[in-house]
Amino acid sequence: MEHTKRLKINNDLGLHGRAAAKIVELTKKYKSKLYFKKDGHQEVDGASILSILTLACPRGTEIEVRAVGKDSKELLNEVDLLFKNRFGEKR
Amino acid sequence: MNDNAVTEGTTLKGIAVSPGIIIGRARVVDRSQQKIIYQYLINDEEVGREVERFKEALQLTKNQIMDLKNRMSDQIKEHSFILDAHSMIVDDTMVSDTTINTILEEKINAEWALKKSLQKIKQLFKEIDYEYIRGRINDVENVTERILRNLTGKGYESLSKIKEKVIIVAHDLSPADTSELNTSMVMGFITDMGGKTSHTAIIAQGLKIPAVVGLESATNYVQDGTLLIVDGYKGEVIVDPDDDIIIAYQERKLYYDKYISSALRLSYLPAETPDGYRISIKANIEFLEEASAAKDYGAEGIGLYRTEYLYLMSKAVPGEEELFQDYKQVAEIISPDQVTIRTLDLGGDKFLSYHGFGDEVNPALGLRAIRFCLKEPSIFKSQLRAILRASAYGKIRIMFPMVSGLEELLEVKKVLHEVMKELEKEGVKYDHSIKVGAMIEIPSAVMVADSLAAHLDFFSIGTNDLIQYALAIDRVNEHVAYMYDPYHPAVIRMIMQTVKAAKDNGIEVALCGEMAGDPLCTALLLGTGIDELSMNTGAIPLLKKLIRSLSYEEAVENLNEILKLTTSKEVREFIAKKTETLLPEIGVEGLSLNMATSNS
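The shown structure was predicted, so the numbers you read here are calculated from the model rather than taken from an experiment.

Definitions and cut-offs
Residues numbered from 1 in each chain as written. Chains lettered and ligands numbered in written order. Predicted model: local features only at pLDDT ≥ 70, side-chain atom pairs only at ≥ 80, totals over all residues. Heavy atoms only, no water. Axes fitted to C-alpha atoms, helices over the stretch in contact; angles between N-to-C directions. Helix = DSSP H or I, 4+ residues; strand = E, 2+ residues; numbered from the N terminus. Parallel < 35°, antiparallel > 145°, perpendicular 65-115°, else oblique. Left-handed = near helix turned anticlockwise from the far one by under 90°. Contact = heavy atoms within 4.5 Å. Nonpolar A, V, L, I, M, F, W, Y, C, P; charged D, E, K, R; others polar. Buried < 20%, exposed > 50% of the residue type's maximum accessible area, 1.4 Å probe, protein only. Core = buried A, V, L, I, M, F, W, Y, C linked by side-chain atoms within 4.5 Å. Patch = residues over 30% accessible without salt bridge, like charges linked within 9 Å, V, L, I, M, F, W, Y side chains within 5 Å. Areas by Shrake-Rupley, 256 points an atom, 1.4 Å probe, with all protein chains shown as cover. Salt bridge = Lys/Arg side-chain N within 4 Å of Asp/Glu carboxyl O. Lys, Arg positive; Asp, Glu negative; His and termini not counted. Charge placed at Lys NZ, Arg CZ, Asp CG, Glu CD. pLDDT = per-residue confidence, 0-100.

## Here's the deal with the packing of helix α24 (residues 552-562) of chain B against helix α25 (residues 568-579) of chain B
Residues and elements named next belong to chain B.
Alright, step 1. It is at 10 Å that the axes of α24 and α25 come closest, and there the two elements cross at 155°. Between α24 and α25, the crossing angle belongs to the class labelled roughly antiparallel. Classified by chirality, the crossing of α25 by α24 is right-handed. Two secondary-structure elements touch here, α24 through N558, E561 and I562 and α25 through V571, F574, I575 and K578.
Alright, step 2. The residue inventory of the contact of α24 with α25, partitioned by class, reads four nonpolar, one polar and two charged.

## Here we look at the side chain of R385 of chain B
All names here are of chain B.
Alright, step 1. Here R385 shows up in helix α16 (residues 377-390).
Alright, step 2. A relative accessible area of 13% places R385 in the buried class.
Alright, step 3. With near-sequence residues (within four places) excluded, R385 lies in contact with E320, V419, E422, L423 and E426.

## Examining the nonpolar core
Alright, step 1. Of all hydrophobic cores here, the largest spans 99 residues; its most connected members are Y305, L388, F400, F459, I495, L511 and L533 of chain B.
Alright, step 2. With sequence-adjacent residues up to four places away left out, F400 of chain B is seen in contact with T343, I370, F380, L384, V412, L416, V436, G437, A438 and M439 of chain B.
Alright, step 3. Within the second largest apolar cluster, 62 residues are counted, among which are V44, L53, L55 and L82 of chain A.

## Observations regarding unusual backbone geometry
As a rule of thumb, non-glycine residues mostly have phi less than zero, and peptide bonds are mostly trans rather than cis.
Alright, step 1. The step from S335 of chain B to P336 of chain B runs through a cis peptide bond, and the omega angle for that step is 10°.
Alright, step 2. Here P336 of chain B shows up in the loop between α13 (320-334) and β11 (338-342).
Alright, step 3. In the Ramachandran plot, A56 of chain A falls in the positive-phi region, its phi being about 55° despite a non-glycine side chain.
Alright, step 4. Counting through the fold element by element, A56 of chain A comes out in the loop between α2 (49-54) and β4 (62-68).
Alright, step 5. Although it is not a glycine, F87 of chain A adopts a positive phi angle of roughly 55°.

## Observations regarding the environment of A201 of chain B
Alright, step 1. Residue placement: A201 of chain B occurs in helix α8 (residues 199-207).
Alright, step 2. Between the alpha carbons of A201 of chain B and F189 of chain B there is a distance of 8.6 Å; along the sequence they are twelve residues apart.

## Observations regarding a negative patch on the surface
Alright, step 1. Together, D275, E553, E554 and E557 of chain B make up a negatively charged patch on the protein surface.
Alright, step 2. Position of E553 of chain B among the secondary structure elements: in helix α24.

## A few points about the confidence of the model for chain A
Alright, step 1. Averaged over every residue, the pLDDT of chain A is 92; the share at 70 or more is 100%.
Alright, step 2. Mean pLDDT across the elements of chain A bottoms out in helix α1 (residues 17-28) of chain A (92) and peaks in β4 of chain A (95).

Here it is, written out as structure tokens:
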């Protein structure tokens, strides 16, 4: 099973340390694998905090998120929610 | 430059931060890089063992990080995410899988393979355009360093285990490092990093041992056991000196020691000028244990009791009772003189280095001191309760650090009054007329000093931070530390403005930065009409002696001239010229040489 979605980064700091850590934490709760792809770049492992950081995504970046596995739909939904909540950040 | 090249008699120049001369052997505290050797593994069995060894080191590293996290107290748990992130870095494929693959494919040892992984990651981070993300490479380095130490079985070297008298040589020392030092075994400090007001400087002055910081590359020249001469007057370190130099320094040392002890004999006398102007000289202390030494050195009270130590030492935020006992003892030792207790100035460099957080991009402008306290009212209130309770046992004043404006001050005072009411309700004794003051150390506070004065009993000008903020100089950045300049006309005007606001409102004004203990600045500060100078204990005898030989009337005249000068060079030269004959050789030489090097 595979699901994809294009998500936009809405918090001021972009995909910084804390946000990346939250994503990695989320992936640990699911069996499915998570991948991120920024336009013009290689796809990276969503369970690797360093890969997410080196994607270097400031506010406003859109990325292609792909979840693969049995619970990929649920995982993708949660990731979507996390992005929409600006990773729990105020701005 | 060659690593570890020891050239006979090489003189390294740095910044003198604590006076004295010592000759002794080096003990290098390696907090930065591990030396890594390359090893080729001969057979698959070895390769398999190497992978296992690496996995064990990863597990151990994770356990250590979790242990660190568990030891954090509840109040600061919200910062624990950084440790979670560190744990994730250990697990990250770029670290773990990549290294294991390298071991398997290239048949090399784990240390070398890990180093290769780190280099790859560094390369990736280098290309990132955003400073706040690029800076996270520090976390990766921190984590790989920890894994390396676990691989080599070295663990983190503990400074508490030092058993012989040594000169500590380090790239940099954190408050956590120095707090575990067996200080009786340390003759002096030299570090690559740091400036006049760095933590190492403050500790060395408190211990009255010489220190030279900002040497940039001392750790490259010095190895364990290297013979060193540390000249804490000139800010020089001589590596592996020959016999002639050693003898010359022995003589110098004797001369200075003799001079200091003569100043010490007279230090019980008040700091009163021949024309009858008296200024109060007090000590800055960091630990309870320093209080009696301060008295012996002639301090007329404690002008600044920094209260961070207990917080940095304990694994959790210390309880009210522990704080109360500590404050009460200091008050009792110093009684009948006064102790000015500064409330918690955590955050900034101290908080961060102790807990290993690299969270704030700009900690000096971040969540520290009263900002932190207002955000953590339970920590703040428990300290205020402890201070107030202790005020029943001696003369105590409360001082708030980092006040930036009136709203903030009123908010802080509101908390103080709440705590007072609580104590009253509970029937607990405290000094109801306790004096409340603020550190003036942010330029905005200087500008609104007149409105702050109406709500306070005293000011204490904290020149270390004031200079840092006014001149935009990061005092621990070795590249700009030399620009840290107390003679800058802007600094002098700010001091004058603060003093005037205090006088206009009839409140007392003190000065408690490094400037207070700087003999050259004394002549300048005397003329301002400041009521009190608070300094590191070691500087008191000399300063008192100096003030007893200066004329107040002349100091006022000189200050009027100084206020017309437009560059710090002119200011410095003017003061040096005026005080040439008065300043004892010891002060002039050490300081003027420092100034000369920082000018070039």
